[in-house]
Amino acid sequence: MSAPLTRPATLASAHPPTAAGAAPDRLTQVTLLLLSTLTIMSGATIAPALPAMQAHFADVPNAAFLVKLSLTIVGLVIALTAPLSGVLADRYGRRPVLLASLVLYALGGGAGLIADSIGSLLAGRIVLGLAVAGTMTAAGALVNDLFSGPARGKFLSQQAAFGNFGGAVLMPLGGLLAAASWRAPFALYLIALLLIPLTLRLAGGLPAPLPTDTAQDSRPRWASIGVIYALSVGYMIVFYLMPTQGPFLLRTLGAAPAVTGLLLGAFTLVAAITSLVYSRFTGRFHSQRTAALGLILLAAGWLTVSGADTVTGALLGLILGGMGGGLVFPNLYTWLADLTPPAWRGRVTAGMSSAIFLGQFLSPVLLTSQPGHEGLIFRVGALLAAVMSAALVAFSLRRTRATTAG
């Protein structure tokens with residue numbers, strides 16, 4: 001394991017972290033919340049347009065797979081490039097990475113407005129993946145820099161809620177735009193340009209340099225961090241069934257693109273409300289077991305969706321799944337932040353970004369429904385979620401016994 005990267009003293013001193021116990025100013029918090037919407041927006045925006053995109057490229061070989069790939073290739077790119085973003089954020093600061101990423105976000109996301117082939121569309125999605133890797137990693141590291149203790153857990157829950165609120169707005173809006181043209185939702189990616197002025201006022205976010213001996217001894221707890229990464233991959237494989245397979249299942253129930261967008265928006269709205277409510281109780285509950293509860297609720301939701309024969313029945317499953325989704329990530333991130341030394345925040349956060357979007361990419365590859373059997377794959381997802389929940393409870397009980405014995 002290599003030693004933590006040495007940061008230039010000028011950078012560290014030019015952008016000192018917030019004083020201990022002092023919360024960042026309100027505009028900084030709002031900026032971080034707005035940046036969090038870009039992650040869910042990367043897929044949520046065009047999810048309702050997938051069936052129309054598939055019809056447009058129907059003459060292209062393997063069109064069904066390639067259209068779904070346009071949604072999830074972003075995840076593969078993030079999984080591969082987030083570690084580089086983490087290194088850059090730790091060495092040069094959070095703000096430069098964020099600014100470059102916002103420009104790439106608008107360019108790559110907006111490419112769908114003019115793409116004349118599935119190849120050029122996929123190329124734009126690759127650029128978008130580079131951008132999301134930078135924004136998610138640098139913003140996540142900056143949150144860890146500026147918050148600590150219960151305040152960090154509370155803000156992470158608020159951040160998850162805000163991201164899901166963004167999805168609740170963007171999915172219905174994407175559905176409405178998709179009803180006019182499959183290209184129209186891509187215009188929403190240009191919103192990233194509006195965040196540049198706010199990002200310019202952010203601090204660099206580099207933590208103060210640690211003494212050499214402390215920096216060498218303060219290593220991440222990689223065994224536990226690896227468990228978090230693995231759970232994040234598995235969770236995203238299951239969670240991402242809805243944006244990748246959900247529109248096709250809902251179409252079999254008679255849902256039009258606009259209705260599909262509203263239903264997907266309801267799913268993320270419930271997740272947002274759950275995260276927001278939970279933020280008031282952060283620190284009172286065991287983060288690992290609360291995440292396990294979220295996975296059980298997600299499993300129940302997908303079982304309900306798989307057996308639905310009406311749009312109303314599917315909505316009930318989406319509500320259950322949204323409640324579960326609102327609990328999983330805030331608690332996994334809180335657990336991860338508690339294990340991460342300051343000098344490693346960018347890189348450990350980058351690893352989490354890679355895990356999340358690797359799962360997003362693998363979801364339609366590993367869990368693809370066949371025409372006429374759209375519900376079956378949701379039952380498989382429910383089983384996987386239940387297994388992960390049981391494993392997480394077992395891990396938490398083992399850690400509790402080890403701590404008590406120690």
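Residues numbered from 1 in each chain as written. Predicted model: local features only at pLDDT ≥ 70, side-chain atom pairs only at ≥ 80, totals over all residues. Heavy atoms only, no water.

Enquirer: Explain the nonpolar core to me, using residue names and the numbers behind them.
Expert: Counting 105 residues, the largest nonpolar core has Y105, W302, L332 and M352 as its most contacted members. In terms of residue count, the dominant contributor to this core is helix α6 (residues 118–146) (13 residues). (Core = buried A, V, L, I, M, F, W, Y, C linked by side-chain atoms within 4.5 Å. Buried < 20%, exposed > 50% of the residue type's maximum accessible area, 1.4 Å probe, protein only. Helix = DSSP H or I, 4+ residues; strand = E, 2+ residues; numbered from the N terminus.)

Enquirer: Account for unusual backbone geometry, naming residues and giving values.
Expert: Positive phi values are uncommon outside glycine, yet N62 reaches one of about 60 degrees. Judged by relative accessible area, N62 falls into the exposed class, the value being 60%.

Enquirer: Tell me about the environment of T37, and name the residues and values.
Expert: Positionally, T37 belongs in helix α2 (residues 26–44). Taking the relative accessible area as the measure of exposure, T37 reaches 14% and is therefore buried. Between the alpha carbons of T37 and G163 there is a distance of 4.3 Å; along the sequence they are 126 residues apart. If near-sequence neighbours (up to four positions away) are discounted, T37 is found in contact with F162, G163 and G166. (Contact = heavy atoms within 4.5 Å.)

Enquirer: An account of the packing of α6 against helix α15 (residues 345–366) is requested, with residue identities and associated values reported.
Expert: For the pair α6 and α15, the least separation of the axes is 8 Å and the interaxial angle reads 135 degrees. The pairing of α6 with α15 is recorded here as oblique in orientation. Read as a crossing pair, α6 and α15 show a hand that is right-handed. Only R345, G346, T349, A350, S353, I356 and F357 of α15 make contact with α6, whose side of the interface consists of V132, M136, T137, G140, A141, N144 and D145. Class assignment of the residues belonging to the contact of α6 with α15 gives a composition of six nonpolar, six polar and two charged. (Axes fitted to C-alpha atoms, helices over the stretch in contact; angles between N-to-C directions. Parallel < 35°, antiparallel > 145°, perpendicular 65-115°, else oblique. Left-handed = near helix turned anticlockwise from the far one by under 90°. Nonpolar A, V, L, I, M, F, W, Y, C, P; charged D, E, K, R; others polar.)

Enquirer: Report on the side chain of S389, specifying residues and quantitative values.
Expert: Within the secondary structure, S389 sits in helix α16 (residues 374–405). According to the relative accessible area criterion, S389 is buried, its value standing at 5%. The contacts of S389, once residues within four sequence positions are left out, are A292, L295 and I296.

Enquirer: Describe helix α10 (residues 222–239), and please don't skip the residues or the numbers.
Expert: A rise of 1.5 Å per residue sets the reference length of α10, with its 18 residues, at 26 Å; its end C-alpha atoms lie 25 Å apart and thus fit the reference within 8%. A large share of α10 lies buried, amounting to 13 of its 18 residues. (Expected span 1.5 Å × (residues − 1).)

Enquirer: Give a description of helix α5 (residues 94–110) that names residues and reports values.
Expert: Between its first and last C-alpha, α5 extends 24 Å over 17 residues, near the 24 Å set by a 1.5 Å rise per residue. Buried within α5 are the following residues: R94, V97, L98, S101, L102, Y105, A106, G108, G109 and G110.

Enquirer: Can you lay out the confidence of the model for the protein chain for me, pointing to particular residues and giving the numbers?
Expert: Looking at the protein chain, pLDDT values average 81 and 88% of them are 70 or higher. Looking at the elements of the protein chain, mean pLDDT is at its lowest for helix α1 (residues 9–14), recorded as 33, and at its highest for α5, recorded as 94. Counting interchain partners and residues more than four positions distant, the pLDDT-below-50 stretch residues 1–21 has 43 contacts. Low confidence marks residues 208–217, where pLDDT is under 50. Its contacts with residues over four positions away, or in another chain, come to eight contacts. (pLDDT = per-residue confidence, 0-100.)

Enquirer: Describe the pattern of salt bridges, naming the residues involved and giving the relevant values.
Expert: In total, this model carries four salt bridges according to the counting rule given. Among the ionic pairs, D90 bridges to R94, the shortest N-O distance being 3.0 Å. No difference in accessibility class separates D90 from R94, as the two residues are buried. Linked by salt bridges that have partners in common, D90, R94, D145 and R347 make up one network. (Salt bridge = Lys/Arg side-chain N within 4 Å of Asp/Glu carboxyl O.)

Enquirer: Which residues make up the environment of A299, and what are the values?
Expert: Here A299 lies in helix α13 (residues 287–306). Remark: the alpha-carbon pair of A299 and F239, spanning 60 residues in sequence, is separated by 9.5 Å. Look past the residues within four positions of A299 in its chain and what remains in contact with it is A382, A385 and A386.

Enquirer: Go over the packing of aromatic side chains with me, naming the residues and quoting the values.
Expert: On inspection of all chains with the given rule, the structure shows 13 aromatic pairs. Ring centres 5.4 Å apart and planes at 35 degrees place the aromatic pair Y235 and F239 in the tilted group. In this pair, Y235 and F239 both sit in helix α10, four residues apart, roughly one turn of the helix. In terms of burial, Y235 and F239 fall into one category: buried. Centre to centre, the rings of W302 and F378 are 5.5 Å apart; their planes meet at 85 degrees, and the pair counts as edge-to-face. (Phe/Tyr/Trp six-rings, centres within 6.5 Å; stacked < 30°, edge-to-face > 60°.)

Enquirer: Tell me about the side chain of Q159, residues and numbers included.
Expert: Along the polypeptide, Q159 turns up in helix α7 (residues 149–180). With sequence-adjacent residues up to four places away left out, Q159 is seen in contact with L32, L33, S36 and V143.

Enquirer: Kindly report on the packing of α5 against α6, identifying the contributing residues and their values.
Expert: At a minimum axis distance of 8 Å, the contact between α5 and α6 shows a crossing angle of 150 degrees. When the axes of α5 and α6 are compared, the pair comes out roughly antiparallel. α6 is crossed by α5, and the crossing has left-handed handedness. The class makeup of the residues in the contact of α5 with α6 is 13 nonpolar, six polar and three charged.

Enquirer: An account of the environment of A160 is needed here, citing residue identities and associated values.
Expert: With respect to the helices, strands and loops of the structure, A160 is situated in helix α7. Residue classification places A160 among the buried residues on the basis of a relative accessible area of 19%. Sequence separation between A160 and L327 is 167 residues, and the spatial gap between their C-alpha atoms is 9.1 Å. Setting aside chain neighbours within four positions, we find A160 in contact with S275 and P330.

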